[in-house]
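Chain by chain, the residues:
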Amino acid sequence: MTPPNDATRRQIIAAEPTVSTWVSANAGSGKTRVLTDRVARLLLRGVPPEKVLCLTYTKAAASEMQNRLFRRLGRWAMLADADLRSELAELEATAPEGAEGLRDARRLFARAIEAPGGLKIQTIHSFCAALLRRFPLEAGVSPDFAEMDERAIKLTMDEILDEMADGKDAGVVAALARHSTAEGFADITREIAHHRERFDAAKSSADWLGQFGLPSGFTQRQLIGEVFLGDEAEMLAALVPLLAASSVNDAKAGAALARVDMAPPGLAALEPLENVFLYGAGAKKAVPFSAKIGDFPTKAFREGPAAPLLPALEALMLRIEAARPRRLALTAAHRANALHAFAIPFLAAYEARKQARGWLDFDDLILRAGQLLTRPGLAEWVLFRLDGGIDHILVDEAQDTSPAQWEVIRLIAEEFSMGETARSGVPRTLFVVGDLKQSIYSFQGADPAQFGRMEAHFRDRLGQVEDQLERVELPHSFRSAPAILRVVDQVFALPARHAGLGAAPLHEAFHQNQPGRVDLWPPVPVAEPQDDPPWHDPVDRLDPSHHDIILARQIACQIKTLCDPKTGETLPLRPEIGQPRRRPLRPGDFLILVRRRSALFAELIRACKAEGLPIAGADRLRLGAELAVKDLAALLSFLATPEDSLSLAAALKSPLFGWSEDRLYRLAAGRGDRYLWEVLRGRVADADLLSVLNDLRREADFLRPYELLERILTRHDGRRRLLARLGPEAEDGIDALLAQAMAYERTEVPSLTGFLTWMQTEDVEVKRQLQSDGGVVRVMTVHGAKGLEAPVVILPDTRPSEGRDRGEIVVSPDGVPLWKTRADDAPPLIAEAVEARKERAREEWMRLLYVAMTRAENWLIVAGSGDMDRGQDAWHTLVSEAMAHVGAAPLETPVGTGLRFDIGAAWDAGEVIVTPQTPSDPVVLPAWAGTAAPPPAPEAGPLSPSDLG
């Protein structure tokens, strides 16, 4: 047996099934492989499959892990003795002895299939759902509860809000509306539900005053009394005309003061007075929001006719300065009070509505499971029953586990560290694997800080029973080439850049001879403003010369050029025996990653289609915008209302019936005031069409919406017709429409009219799984590409972060939800909470770049468009500085002179050469290297209509 190398040795140590292990791994280090190896080794040692619990973060990851494990066990059942013995030796680093071990290995597939309850490889949400279904009465849930989807949550919250606005809680809704600047309450209600455990009904208005440092009973009247002593109205009335006759700046101030309502002065008068009498937030020569003593009014005015008014004016300015922090605190206290006064009845109604319908949302699954495992008098019994079924816990993607999810894991693993128990003689282990650098799901509650806290907790707990938690590092990457890893390490070398990564990443390429390269394209500069477009063009369509359109076209053209079978690029393969050195590039080798689904995202898909490239389409689709769904909805609308001539015309023109424009015109023209259906049903020539429509009309009142759709798609060949015209990607929309029909029937009395109305109330978003290349170009968000890889990765969306904090609710250091205010109006408590959240967002911004770069196997292309000077966190700038540091060479790209880095001549040469290029090698760099200033972009040619889709 060949001795294992360092990377394999680390994996074998991490997968050792007899010890508890905490694994910290780099991207591409084979985390899933280690986890499946550990499960296989547990089964080989006789652990019953039902005693193993493996928790993953996503359903896709759970499915992948289960498939890998069953493939391995199935292969073992069929291998010859020598091959099986070799594979088992590779897995455990020791050769099995005797034939009994081989027989046991061959039986594992059947044991795993037949295990009571099945092999537990599932998401944390699935585990909590199974736990609640096992103990529904103890958890206080319906035994046959249903899990809510996003649409059901949205509709339920909207229903509750409408009922509250018209019922006894109308006052709290009105109070919330007075403080809100948003168009609706959809966002804040979702945030309230997310923080449901933090809202406290016992807090009074006095408590909120104390929260912001105000004395008990402090009111607006007291604040106004501190500022306005009684003669301010007369003083300002005398001051305004004098200011109007002074300088331009004084006149502007006078006009602003004239608009202040001082009869009598109230809280609304303070803010405009602050704008005139106090310095702004960006003041450089004075403390922000301090009184403009000596600077207002202007010097000539102060020494002139306004001199007698100055003592009273400056005293008022000082009182306004002193009152401002108290005004902000009082406003924030009122907002917090309004938020909690609304949240308490809203959450109560939300819980009651879910209870009545037997529903639980995703947060409920975690929270109810945690409550069940901590409820006095019940928790011990539940843990006893549960503990009898779990001996080994494995947690995957632990960096994305939320605090509430960690609490559930902690509770079910608590018995492992209790010392003497009824199961003390049974080996029990905990295995956790994660990568702090890849924690990018904060919007789903992930807290990367918990990764280190929980390691310390379990190490301490296991140490109390003289057990230990082994820590294993997996620095090797089995995915990316050394050239890519070197640039990645350099990007995050500075402390400010790896603050949220735990430490500067240091990668070791497992395939040291793997050819790889990193290309950096200069950014396409911001397009010059063009003349006003024609009035009939859509207002949201980008100008043809827009920098995003230019970049999208160049990327699509480059992919097409590289994939040309005669003159295109070839992809170097890992130098392994029996494999060809290179192969032609294919569209399926390309993965284009963007930060969000912006205009650039849509333009990339449109440009690839214009070039004739096979493309998977968007990884998220709006159901109502899908052409196949529109065609089916038009036919359903006609069936519900035969007098709807427009819907009938749309259905006839669709692939379902395939009428031409001329044929439809001949039917519709000259029909007078008759409905289109009246004309159509009298035409003998269209007997086949009429038989289909008549059949559907006869059944429309008797079939459920799902059954009617299936009749259209199957019996009348609708699915085949739609896919033949619109392509295979239309199938996702069709299946999503059928799923929505099933969801509608679970919550409403099924009717065709009701379903059409239900579908129009919300634009349903459907997530598509693009797990493998499938021979097509993939365009995805970085979040959606987590766990995926590709030979060639293109990063075109590399502008600075927008830095916008869209959340309405912030959490104070003591865990109290507060309603965020404007940045300039935030009291210290809210300002600190907002700044802490922004810092966490900045750290996640860098982790997102790490995830994006490490998806590449052989070739990473970094491009960009627009203004790169708006911040120092532009991905393009960070990669540019790293490329200059590692010694990149000039490269001619489709958008100008860029940079290229590879190690030696391994990429271009037929023979692999491992000659590292050092930063001291003489290279000529472009003038913009390491900066945000791009060279002039080549002049773009005119776009054709096909470029715009």
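Please refer to the structure higher up on the page.
Nothing here was measured: the structure is a model prediction, and the numbers come from that model. (Residues numbered from 1 in each chain as written. Predicted model: local features only at pLDDT ≥ 70, side-chain atom pairs only at ≥ 80, totals over all residues. Heavy atoms only, no water.)

A. A look at the sheet that holds strand 1 (residues 20–25). Taken together, 6 strands build an open sheet; the order of strands is 3-2-6-7-1-8 and the sheet is parallel. The open sheet has two free edges, formed respectively by strand 3 (120–123) and strand 8 (469–474), since each of these has just one partner strand. Averaged over all adjacent pairs, the angle separating strand axes in this sheet is 15 degrees, with direction ignored. Pairing between strand 1 and strand 7 (residues 429–434): 4 bridges, direction parallel. Bridging across to strand 7, Val23 finds its partner in Val433. Where helix 2 (residues 31–44) meets the sheet, its contacts fall on strand 1, strand 2 (52–56), strand 6 (392–395), strand 7 and strand 8, and the angle it forms with strand 7 comes to roughly 165 degrees. Each of strand 1, strand 2, strand 6 and strand 7 is contacted by helix 20 (residues 403–413), which is oriented at about 160 degrees to strand 6, the strand it contacts most. (Pairing = 2+ DSSP bridges. Helix = DSSP H or I, 4+ residues; strand = E, 2+ residues; numbered from the N terminus. Axes fitted to C-alpha atoms, helices over the stretch in contact; angles between N-to-C directions. Contact = heavy atoms within 4.5 Å.)

B. Examining the sheet that holds strand 23 (residues 896–902) more closely. A sheet is described by the order of its strands in space; here 7 strands give the open sequence 17-14-18-21-11-23-22, paired in mixed fashion. Of all strands in the sheet, those with a lone pairing partner are strand 17 (778–781) and strand 22 (889–893), marking the two edges. Looking at each pair of strands side by side, their axes are set apart by 25 degrees on average, direction ignored. Two elements, strand 22 and strand 23, share 5 bridges in a ladder whose sense is antiparallel.

C. Up close: the side chain of Glu232. Mapped onto the secondary structure, Glu232 falls in helix 13 (residues 232–244). Ignoring any residue separated from it by four or fewer positions in sequence, one finds Glu232 in contact with Val227, Met262, Leu316 and Arg319.

D. Layout of helix 30 (residues 705–715). Looking at helix 30, one finds that the buried residues are Pro705, Leu708, Leu709, Arg711, Ile712 and Leu713. In this fold, the buried residues of helix 30 make contact with helix 25 (627–640), helix 29 (687–699), helix 31 (718–726), helix 32 (730–747) and helix 33 (752–760). Taken from the residues just after helix 30, Asp717 is the one with a positive phi, measuring 65 degrees. (Buried < 20%, exposed > 50% of the residue type's maximum accessible area, 1.4 Å probe, protein only.)

E. Highlighting the nonpolar core. Counting residues in each nonpolar core, the largest one holds 48 residues, and the members touching the most others are Phe212, Phe228, Leu239, Leu257, Phe277 and Leu818. Of all elements in the fold, only helix 11 (205–211), helix 12 (220–227), helix 13, helix 14 (248–258), helix 15 (267–277), helix 17 (310–357) and helix 34 (828–853) reach the threshold of two or more residues within this core. For this core, the element with the highest residue contribution is helix 17, accounting for 11 residues. Beyond its immediate chain neighbours, meaning those up to four positions away, Leu818 contacts Trp208, Phe212, Ala336, Leu339, Glu808, Ile809, Val810, Ser812, Leu829 and Ile830. Counting residues in hydrophobic clusters, the runner-up holds 47 residues, among them Ala649, Ala651, Leu690 and Leu756. (Core = buried A, V, L, I, M, F, W, Y, C linked by side-chain atoms within 4.5 Å.)

F. Looking closely at the pattern of salt bridges. Under the counting rule described, the total for this entry stands at 68 salt bridges. Here Lys653 and Glu661 are joined by a salt bridge, their closest N and O atoms 3.0 Å apart. Residue class for Glu661 comes out exposed when judged on its relative accessible area of 54%. The shortest N-O distance in the salt bridge between Arg704 and Glu745 comes to 2.2 Å. Taken together, the positions of Arg704 in the loop between helix 29 and helix 30 and Glu745 in helix 32 put the pair 41 residues apart, joining distant regions of the chain. For Arg704, a relative accessible area of 32% gives the class partly exposed. The class for Glu745 is buried, based on a relative accessible area of 16%. Among the ionic contacts, a cluster of salt bridges with common partners joins Arg196, Glu351, Lys354, Asp361, Asp363, Asp364 and Arg368. (Salt bridge = Lys/Arg side-chain N within 4 Å of Asp/Glu carboxyl O.)

G. Layout of the packing of helix 29 against helix 30. Put simply, helix 29 and helix 30 touch, their axes get as near as 11 Å, and they point 165 degrees apart. By the criterion of interaxial angle, the relationship of helix 29 to helix 30 is roughly antiparallel. Helix 30 is crossed by helix 29, and the crossing has right-handed handedness. Residues Asp695, Leu696 and Glu699 of helix 29 pack against Leu708, Arg711 and Ile712 of helix 30. A class-by-class count of the residues in the contact of helix 29 with helix 30 yields 3 nonpolar, no polar and 3 charged. (Parallel < 35°, antiparallel > 145°, perpendicular 65-115°, else oblique. Left-handed = near helix turned anticlockwise from the far one by under 90°. Nonpolar A, V, L, I, M, F, W, Y, C, P; charged D, E, K, R; others polar.)

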